[in-house]
Every structure is written in C-alpha cells, then in structure tokens.
Amino acid sequence: MNGLQLIATGGALPGRTVTNEDLSRVVDTSDEWITTRTGIRTRHWCTEGESAATLAIAAARQALERSGLAPEQIACCVCATLSAPDATPSVACQVQRALGLPEDRPALDVNAACSGFVYGTAVARGLLTTLGGQYALVVGCEALSRLMDPTDRSTCVLFGDGAGAAVYALADTPFAITLGARGNDAIHAGGPDRAGSAPITMDGKAVFRFAVDALPKSLNKVLAETGLTLDDLGWVVCHQANSRIIDHCIKHLNADPAKFYKNMDRHGNTSAASIPVALNELAEAGKLTPGQRVACIGFGGGLTWGGMILTYKG
Ligand code: COA
C-alpha cells in the first residue's frame, strides 16, 4: 500500500483575534493596504499561556478523537513547525505525552517552514513504510507572533498562529508527493544565537515571484504522477500566504477558482499550520466528501516547496 488516506482532522486557534484595524492603530498601515495586497483581514495570535505546542496538542487530540482510533494504533507522530517553544522536548514529544501515544514509536518535529505539513506527511509515510504500522498523526503548528517584530509593518500584518492535525492511513489510493528546497534567505527568522534580535524578515517581491512559480509546478507534478487532472480533484488546498498568489496560479492554470480553498482572510499566513487548518475547516463544514481527491501545495521559507495528492476517507 503506497497511498495515504486522510481519515480525520483537528484544529486549534489561539485566543487573541487581531484585525487590520487593530494593527493600523499600532503601525502605519490600513485595512485597505492589507486586504488589497494580501486578502488578509484578521489573524489570531497566541495569548500568554498559548504556544505552538499547546495548539498542536489541542488539534492533535481532536483529530485522534474524530478518527475513532486508540492512541496505540498511531505508529508515528510528526509535527511541522518553525516556532516550537522549546528546542527540546520537541512539539511532537509533547503531543506524544499529552495524548498518551505509545513509547515505542517515533515522535519528531520537522522544520520546512510553510511547506512543513507536506514535508511532515512525507516523513510520516516514510516512517510507516520503514517501521510498519498503518496510521500516522501529522500536525502543522505555529506561533509566528512570537517571531515577529510587532512594529515592522512589512511583516506583522501577514502572520498568524494556529494548528491543524491530520490522521492518515496507508491505503491503496492514488497518491503522489513532491518536495524541493533552495537554500535562500528571502524569508529569515533568528534562531537561538539571534533570539530577540532577528525577528522575521522577508523580501516580499522575491518571495512572491518564487511562490507563483513553485505553486503551479508542484501541482502539475503531482497531477502528472497520479495521472489525474484538475477535474478529478475535489479541492486544491494551497498554503494560505496571500490571496494574490493563489489567484495568479488559478489564472496560470486556467482553473476553476471554486476549487481553490481560501481562508487567509480570517487567519493570515500560519506557515506550516495553514494547510491542515484549511483541511480541518473543509471537513468540519462537510465540504470534504468521502473518496474526494485533494491536492495540498506548500511553499515558503527555506526556500522550500512541496505538493501532494491524497484521498479523503472521512
Ligand atoms: N502597510 C502599508 N504600507 C506598507 C506595508 C503595510 N503593512 N508594508 C509595506 N508597506 C509599504 C512599503 O514600505 C513600501 O513603501 P515605499 O514605496 O514608500 O517604500 C510600499 O508599501 C510597497 O512595499 P512593497 O514591499 O514593495 O509592497 P508589495 O507590493 O511587494 O507588497 C507584500 C508586499 C508582502 C504584500 C508582497 O510582496 C507579497 O505578497 N509577497 C509575498 C509574501 C508572502 O506571501 N510570503 C509568504 C510566503 S510563505
């Protein structure tokens, strides 16, 4: 069995909602500037007690409950994040402990920035096929508000916090995954040596050019590998960085805009969390139907990119 089926999702958003109006009282910006350039209207930021780990645990717990599986059936736990609160224990180990997942299984974090959920899914599938087991838990979780300079208008309007989780099953269903990386500082955030002095910076125009190239290429690649066409897909769930990036891709592919899910208006760019948060919203709204094929495309810091096609079991 080489494919992955999505069998359940979960999500968690932090407690503080920040509108464009709120930001325009802190930095020199406006609702009009932010919405026309990005499509973002509100985002959620962590309150004091919240972190990428607390959000990951809440999302993972919900996905596990909805899957109907026992913790013992989960063969691996992979968390994608670039904003883990601790260098160790990893977020995945914190999820393992909180959910009571068995100890004789791997739990690890993956950092591929906004492509992290696709990378994490590839890692989980690799673990299932090398170590055995049928079910994997993959989480995308971020607290980007902790990495930002809240006074830098070029970045603070873009990013939000959140977590989404997926429980997958190995299955004989059409599946393809593609990943890529190009070391580049166009998006940068400081690590331990620079904490506090190097918040997120971004060359917005360069990243835009990169994204509108990587997105359709990744989508076309996984379509070609599965032998599917856009018509065969129920949804295309892209990383929710910017509405204009997705619109550009729709135009380039001459695709049906209704297939491309968007929620950045409510959540902003939540990096590794954006795709699983979107999948969870679709599932909760009953818009994912059993048997539907879904493409997920991530792109962002690293630079990294990744695309996959999987089937929703529901
Ligand atoms: N409000 C008001 N003005 C702002 C602003 C804000 N929040 N942020 C930047 N500006 C200003 C700049 O200072 C600049 O002013 P100047 O002309 O006086 O120097 C002007 O707006 C244009 O800035 P620029 O950075 O060239 O804007 P842009 O049209 O490229 O839009 C982005 C900026 C970030 C919206 C755009 O580049 C983008 O969408 N990039 C992709 C980013 C992305 O999605 N990254 C994540 C990928 S994972």
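Scroll up to find the structure this text is about.
About the cut-offs
- Residues numbered from 1 in each chain as written.
- Predicted model: local features only at pLDDT ≥ 70, side-chain atom pairs only at ≥ 80, totals over all residues.
- Heavy atoms only, no water.
- Buried < 20%, exposed > 50% of the residue type's maximum accessible area, 1.4 Å probe, protein only.
- Helix = DSSP H or I, 4+ residues; strand = E, 2+ residues; numbered from the N terminus.
- Pairing = 2+ DSSP bridges.
- Salt bridge = Lys/Arg side-chain N within 4 Å of Asp/Glu carboxyl O.

Brief notes about the pairing of strand β12 (residues 293-300)
Burial of β12 is extensive: 7 of the 8 residues sit out of reach of the surface. By the bridge criterion, 5 bridges tie strand β11 (residues 233-238) to β12 in an arrangement that is parallel. In the strand pairing of β12, L233 is matched with R293. Pairing between β12 and strand β13 (residues 304-312): 8 bridges, direction antiparallel. Residue pairing in the sheet places I297 in a bridge with G307 of β13. Hairpin connection of β12 to β13: 3 residues between the antiparallel strands, including G302 at a positive phi of 140°.

Some thoughts on the pattern of salt bridges
Side chains carrying opposite charge are able to pair once their charged atoms draw close together. Tallying each qualifying case throughout the model produces 8 salt bridges. Between D213 and K217 there is a salt bridge whose closest N-O contact spans 3.1 Å. You can see D213 and its partner K217 sitting in helix α7 (residues 204-226), 4 residues apart, about one turn around the helix. Look at K217 and you get exposed, because its relative accessible area is 53%. In this structure, D247 engages K262 in a salt bridge whose closest nitrogen and oxygen atoms are separated by 2.5 Å. Remark: K262 occurs in the loop between α8 (243-253) and α9 (264-267) and D247 occurs in helix α8; sequence separation between them is 15 residues. Bridged by salt links that share partners, the residues D265, R266 and E281 form one connected network.

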